[in-house]
Amino acid sequence: MKKITILGATGSIGTQTLDVVRRNQGDFQVVALTASENVQKMAELIREFMPSYAVMKNEKKAEELRNAISPSGCHILSGMDGFIQVSTLPQTEVVVAAMVGMIGLRPVMEAIRAGKDIALANKETLVTAGHIIMPMAKEYDVEILPIDSEHSAIFQCLNGEKKRQIETIYLTASGGPFRHCSREELKSVTVEQALAHPNWFMGPKITVDSATMINKGLEMIEAKWLFDVELDQIHVLVQPQSIIHSMVGFRDGAVMAQMGTPDMRLPIQYTLYYPDRNMLDGERLDFEKIAEIHFEKPDTETLRGIPLAVEACQAGGSMLTVMNAANEYAVAKFLKKDIGFLQIYDMIEYAMNHHTKIDGPDLETILAVEQETYEKLERDFHADGGRI
């Protein structure tokens, strides 16, 4: 029975991870769960999975949870100290890093130091601190196992292959709901339209990231670190059906693709059972019904997420944190309907243009730059997205 801690248990990836656990009773033991503010959902999960520990983002929510489940043998903790404590528990073997945002960075680093394998769904970990995380994983002999469908696909394609023989990594993208929209049309898109992803069920932040295509830029940076390749070896292709989840081209001209229906349970379960595969119910691809598999080149002039992420990666250092933090801030504003869709790009570009890069930032510098970026955007932009 594999013992796991899930950081971000009430979010999209956390919820689907627990569904995998639920469907494979006896194979996994949930040691600890964490959440931000959803007390009701956490209380339900504690009753079902009976973890030894649960953590809420602040003490007020932790106290609400204690009252909701009393009496219980579950220890309720709060804050960053709680996140770190459950990430380093001696009995935990795998930490599922499904928290959204930079808040997941420190717990992941401490889990690595404690020798825990990481099932990674938190993009910010490698985007802002890949130069720290990957050497740490090697030093502590820890596996970084990707949960993102694209990186899981690449990981599966490379199983048994030599990484030095990679020629090209093809990251596929659905293209989101706006892949054929003009800039003029994007000026008036609504939050509801941005959240109407054509293929995948995801949380609101990552769904908006998919709509802006910055999600694919972040994934390029992740792939660079995960698979030790250069940025110019990574190419994005729009594959609207979400049948091919990513591909790897090798030096001899061979291309391997991982295919399947758009079901996040597959990469989650693959990660939890790695290196084994277990039966997974659900829809299968019916190749006799697939008339064609279609590819498109992404429109990076209208949907500017990819070039902004590439620019940050090429600059390196703290510029990656600025790009990521500005995107988090702008997406949160868009979801609250404080700014328009196109202002997401404007805020990211503004933050990057007004930052002096710091090379090789350590954790404290990364967190400080993140906060500085939030404060700059809060200070310099009107509520309607216009710059002061």
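Residues numbered from 1 in each chain as written. Predicted model: local features only at pLDDT ≥ 70, side-chain atom pairs only at ≥ 80, totals over all residues. Heavy atoms only, no water.

Undergrad: Could you give me a rundown of the side chain of Ser-174, with the residues and numbers involved?
TA: Note that Ser-174 resides in the loop between β8 (166–173) and α8 (183–186). On the basis of relative accessible area, Ser-174 is assigned to the buried category, the value being 8%. (Helix = DSSP H or I, 4+ residues; strand = E, 2+ residues; numbered from the N terminus. Buried < 20%, exposed > 50% of the residue type's maximum accessible area, 1.4 Å probe, protein only.)

Undergrad: So what about the layout of surface pockets? Which residues, and what values?
TA: Estimated volume of the second largest pocket: approximately 460 Å³. Surrounding the second largest pocket, 19 residues form its lining, Met-134, Glu-143, Ile-144, Lys-163 and Leu-226 being those nearest its centre. Counting residues per element, the ones that place at least two in the lining of the second largest pocket are α6 (123–139), β7 (144–146) and α11 (214–226). With four residues, α6 is the single largest residue contributor to the lining of the second largest pocket. When grouped by side-chain class, the residues that make up the lining of the second largest pocket number twelve nonpolar, one polar and six charged. (1 Å grid on protein atoms, 1.4 Å probe; cavity = no way out; pocket = protein on both sides within 12 Å on 5 of 7 lines; lining within 4 Å. Points joined across faces, edges and corners; volume = space filled by probe spheres on them. Nonpolar A, V, L, I, M, F, W, Y, C, P; charged D, E, K, R; others polar.)

Undergrad: Give a description of helix α2 (residues 39–49) that names residues and reports values.
TA: Along α2, the residues classified as buried are Val-39, Met-42, Ala-43, Leu-45, Ile-46 and Phe-49. Buried residues of α2, seen end-on, are gathered within an arc of 165 degrees and therefore sit on one face of the element. Exposed positions of α2 whose direction lies more than 90 degrees from the buried face are Gln-40 and Arg-47. Here the buried face of α2 lies against α1 (12–23), β2 (28–34), β3 (53–56), α3 (59–69) and β4 (75–78). Of the residues flanking the end of α2, it is Met-50, one or two places downstream, whose phi is positive at about 50 degrees. (Arc of directions from axis to C-beta. Contact = heavy atoms within 4.5 Å.)

Undergrad: Explain the pairing of β4 to me, using residue names and the numbers behind them.
TA: For β3 and β4, the ladder comprises four bridges, and the chain directions are parallel. In the sheet register, Ala-54 faces β4, and the bridge partner there is Ile-76. Taken together, β3, α3 and β4 form a β-α-β motif whose crossover is right-handed. (Pairing = 2+ DSSP bridges. Right-handed = clockwise from strand over helix to strand, strands pointing away.)

Undergrad: So, the pattern of salt bridges: which residues are in play, and what are the values?
TA: Throughout the structure, instances matching the rule amount to 28 salt bridges. The residue Lys-61 makes a salt bridge to Glu-64 at a minimum N-O spacing of 3.7 Å. On the criterion of helical spacing, the pair formed by Lys-61 and Glu-64 is a turn pair, its members being three residues apart in helix α3. The salt bridge involving Arg-113 is made with Glu-110; its shortest N-O contact spans 2.8 Å. Here Arg-113 pairs with Glu-110, and both are found in helix α5 (residues 105–113), just three residues apart, close to one helical turn. (Salt bridge = Lys/Arg side-chain N within 4 Å of Asp/Glu carboxyl O.)

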